[in-house]
Amino acid sequence: MPTDIVPIRRALLSVSDKTGIVDLATALAAQGVELVSTGGTATALRDAGLTVRDVSDLTGFPEMMDGRIKTLHPMVHGGLLAVRDDDAHAAAMAEHGIGAIDLVVVNLYPFAQTVAKGAGREEVIENIDIGGPSMVRSAAKNHAFVAIVTDPADYAMIARRETSLDERKKLAAKAFAATAAYDSMIASWFAFADQGERFPPTLPLVLTRAGEELRYGENPHQTAAFYAATDPAARGIGQARQVQGKALSYNNLNDADAALDLIAEFRNADPTCVIVKHANPCGVATAATLADAYKAAYECDTVSAFGGIIAVNRPLDAATARAIAGIFTEVVVAPDADAEAVELFAAKKNLRLLLTGELPDPRRPGLAAKAITGGWLVQSRDNGSIDDNALRVVTKRQPTPQEFADCRFAWTVAKHVKSNAIVYARNGATAGIGAGQMNRLESARIAAWKAKDAADKAGWLAPHTIGSAVASDAFFPFADGLLATVEAGATAVIQPGGSIRDDEVIAAADEAGLAMIFTGMRHFRH
């Protein structure tokens, strides 16, 4: 039966990351613990003046084959796996001179870091640890008698003469998670990078919980947590630095991700601001300054902007921060912020400021997953884009240069609006957005109504849909949706095309004097 308290008489230390290992070994040695180690770890401990026994002395075999063979030996694994209160195990240990190992401290070869730095295949393969995971699994399986430490953060807990069963259970659970994540990273590399598979038979995922559990999920009766990707090259909300504000909620994180995903489309554009509410953009604008872009984006829908998420594509400056601070905002996402902007936001204790560094590449590859009953749907992320040469004008009238630019702008925004999506834009700013409706006609009407409401609130002479371009994320199945945009004042349309009634829709556009562009690509976002 497992004993609660197990004394530490012998510890095996073999780490790739040497952070804190000398301090831990020093504390153990001071309490009479025998130290056994390998390679570079043994050298580091001896350089610190500690007495260390080589694993090769324990096994009777030297390290060989460039270090591939050093701990894979019964003298090591027998000392880890032996059930101490089993008479047959004890007899085998005595017969073969196998000494018990009470503590194992291991962290594994830096496989992910090796891949991230762009190493060649041979170097990547050499950084697949074999002996380390074997020791980790042996010690974790026998946690009734052996403590296994895989994280330097746990060194302080273990730097003493004994361990409790509860501690060993927690360390074992953490150790198995560490080897599972490690193997998943290797499997992912083989599947995606080495073999070029799009959807391997087994999809390995490596996620690490970031911080504590969230206060709740999408609704207060749901529990939630945030898991960040472990890929060192990952860039996004999960890797952003929170400068200030209270803890982020589930909805904050979801909306901030939607805002970052859209603003990344404009990472090389003029100053641009995105305002998101409930994962849908409610205002987007590009202008000469960030402050002007924010003003134009805000004016598109001043009601929805209250309590929204704001993202910008340039370092946040004081003028923009001052404008944003004028209303209640949940989160602001920016590549960076100057000192005055940070100071201005400091007065808003509940406002969260997230700094991302370089914005992610909107064309990056990757997978998107969604849980359904009994499984998961997995697809490549929507990184589709079109260049000007792929666009086809299908009407008698060609778009003017301004209409063409507004079509491109509206199309970029529509990609990030829930389907059915309709986006009106004029002079680099959204004029009205219709999202998430069951038919495209209603989305067109809602977007036009929002534009009229914005004009009424601002005291404009007419809504900004007059003279606008309009984007539809998928084709118009009937001419009625198109005609609704004409009624709203649109003069140019961009849409995928591909309906069996395209001829009818094109004829309606010609009759109304519209310029219409087909993209040949749709952007459903359910």
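The structure contained in this document is the topic of the report that follows.

In space, the five strands of this open sheet follow the order β4-β3-β2-β5-β6, with parallel pairing throughout. On the outer flanks of this sheet lie β4 (53-54) and β6 (147-149), each paired with one strand and no other. Sitting on the sheet, helix α1 (residues 21-30) is in contact with β2 (10-15), β3 (34-37) and β5 (103-107), with an inclination near 170 degrees to β2.

A word on the packing of helix α8 (residues 131-141) against helix α10 (residues 165-194). Contact geometry for α8 and α10: axes closest at 9 Å, N-to-C directions at 150 degrees. As the angle between them shows, α8 and α10 are arranged roughly antiparallel. Note on packing geometry: the crossing formed by α8 with α10 is left-handed. Here P133, V136, R137, A140 and K141 of α8 come into contact with α10, specifically with A172, A175, F176, T179 and Y182.

Take the pairing of strand β19 (residues 422-426) next. Regular strands show a simple pattern: their side chains alternate between the two faces of the sheet. The buried fraction of β19 is high, at four of five residues. Note: β19 against strand β20 (residues 429-434), five bridges, orientation antiparallel. The residue of β20 that forms the bridge with A425 is T430. In this antiparallel pair of consecutive strands, β19 and β20, the connection spans two residues, and N427 shows a positive phi of 55 degrees. Sheet topology places β19 next to strand β21 (residues 469-472); four bridges connect them, and they run antiparallel. In the strand pairing of β21, V423 is matched with A471.

A few words on the nonpolar core. Counting 42 residues, the largest nonpolar core has V333 and L354 as its most contacted members. Leaving out residues up to four positions away in the same chain, V333 has contacts with I237, A256, L260, I310, A311, V312, L354 and T356. Residues V106, I128, V136 and A175 belong to the second largest nonpolar core, which totals 27 residues.

Our next topic: the packing of aromatic side chains. Aromatic ring pairs are reported here in terms of the distance separating the ring centres and the angle at which the planes meet. Within this structure, the stated rule accounts for six aromatic pairs. For the ring pair F266 and F409, a centre distance of 5.6 Å and an interplane angle of 50 degrees mean the geometry is tilted. Note that F266 is positioned in the loop between α11 (250-263) and β11 (272-277) and F409 in helix α16 (residues 401-414), a separation of 143 residues in sequence. The buried category is assigned to F266, whose relative accessible area is 7%. Overall, the relative accessible area of 8% leaves F409 in the buried class. Judged by centre distance (5.9 Å) and plane angle (20 degrees), the rings of Y294 and Y298 are stacked. With Y294 and Y298 both in helix α12 (residues 290-300) and four residues apart, this pair spans about one turn of that helix. Among the residues examined, Y294 registers a relative accessible area of 4% and is labelled buried.

Scanning the entire structure with this criterion turns up 26 salt bridges. The partner of K174 in a salt bridge is D151, and the shortest N-O contact between them spans 3.0 Å. Taken as a pair, K174 in helix α10 and D151 in the loop between β6 and α9 (155-158) lie far apart in primary sequence, 23 residues in all. Judged by its relative accessible area of 34%, K174 is partly exposed.

This part covers a nonpolar patch on the surface. A cluster of nonpolar side chains, namely F192, F199, L203, L205, L207, Y227, L367, W376 and V378, defines an oily patch on the protein surface of about 900 Å² accessible area. Turning to its location among the elements, W376 is positioned in strand β17 (residues 375-380). Judged by relative accessible area, which is 62%, W376 ranks as exposed.

Following S419, the chain continues to N420 via a peptide bond in cis, the omega torsion being -5 degrees. Tracing the chain through its elements places N420 in the loop between α16 and β19. Phi at H278 is positive, roughly 55 degrees, even though this residue is not glycine. Phi at A279 takes a positive value of approximately 70 degrees, unusual for a residue other than glycine. When its relative accessible area of 11% is taken as the criterion, A279 is described as buried.

A few words on helix α2 (residues 39-47). Within α2 the residues assigned to the buried category are T41, A42 and L45. The arc that holds every buried residue of α2, seen down its axis, measures 100 degrees, which confines them to one face. Count one or two residues on from α2 and you reach G49, which has phi positive near 90 degrees.

What follows deals with the side chain of N420. By relative accessible area, which is 12% here, N420 ends up buried. Reaching out from N420, the side chain makes a polar contact with the backbone oxygen of M438 at a distance of 3.4 Å. Within the structure, N420 has its side chain in polar contact with the side chain of R440 (distance 2.5 Å). Apart from residues lying up to four places away in sequence, N420 is in contact with G434, A435, G436, Q437, M438, N439, R440, S443, D473 and F524.

Each value, and the rule that gives it
Residues numbered from 1 in each chain as written. Predicted model: local features only at pLDDT ≥ 70, side-chain atom pairs only at ≥ 80, totals over all residues. Heavy atoms only, no water. Pairing = 2+ DSSP bridges. Helix = DSSP H or I, 4+ residues; strand = E, 2+ residues; numbered from the N terminus. Contact = heavy atoms within 4.5 Å. Axes fitted to C-alpha atoms, helices over the stretch in contact; angles between N-to-C directions. Parallel < 35°, antiparallel > 145°, perpendicular 65-115°, else oblique. Left-handed = near helix turned anticlockwise from the far one by under 90°. Buried < 20%, exposed > 50% of the residue type's maximum accessible area, 1.4 Å probe, protein only. Core = buried A, V, L, I, M, F, W, Y, C linked by side-chain atoms within 4.5 Å. Phe/Tyr/Trp six-rings, centres within 6.5 Å; stacked < 30°, edge-to-face > 60°. Salt bridge = Lys/Arg side-chain N within 4 Å of Asp/Glu carboxyl O. Patch = residues over 30% accessible without salt bridge, like charges linked within 9 Å, V, L, I, M, F, W, Y side chains within 5 Å. Areas by Shrake-Rupley, 256 points an atom, 1.4 Å probe, with all protein chains shown as cover. Arc of directions from axis to C-beta. Polar contact = N/O pair within 3.5 Å; in protein donor to acceptor, adjacent residues only side chain to side chain.

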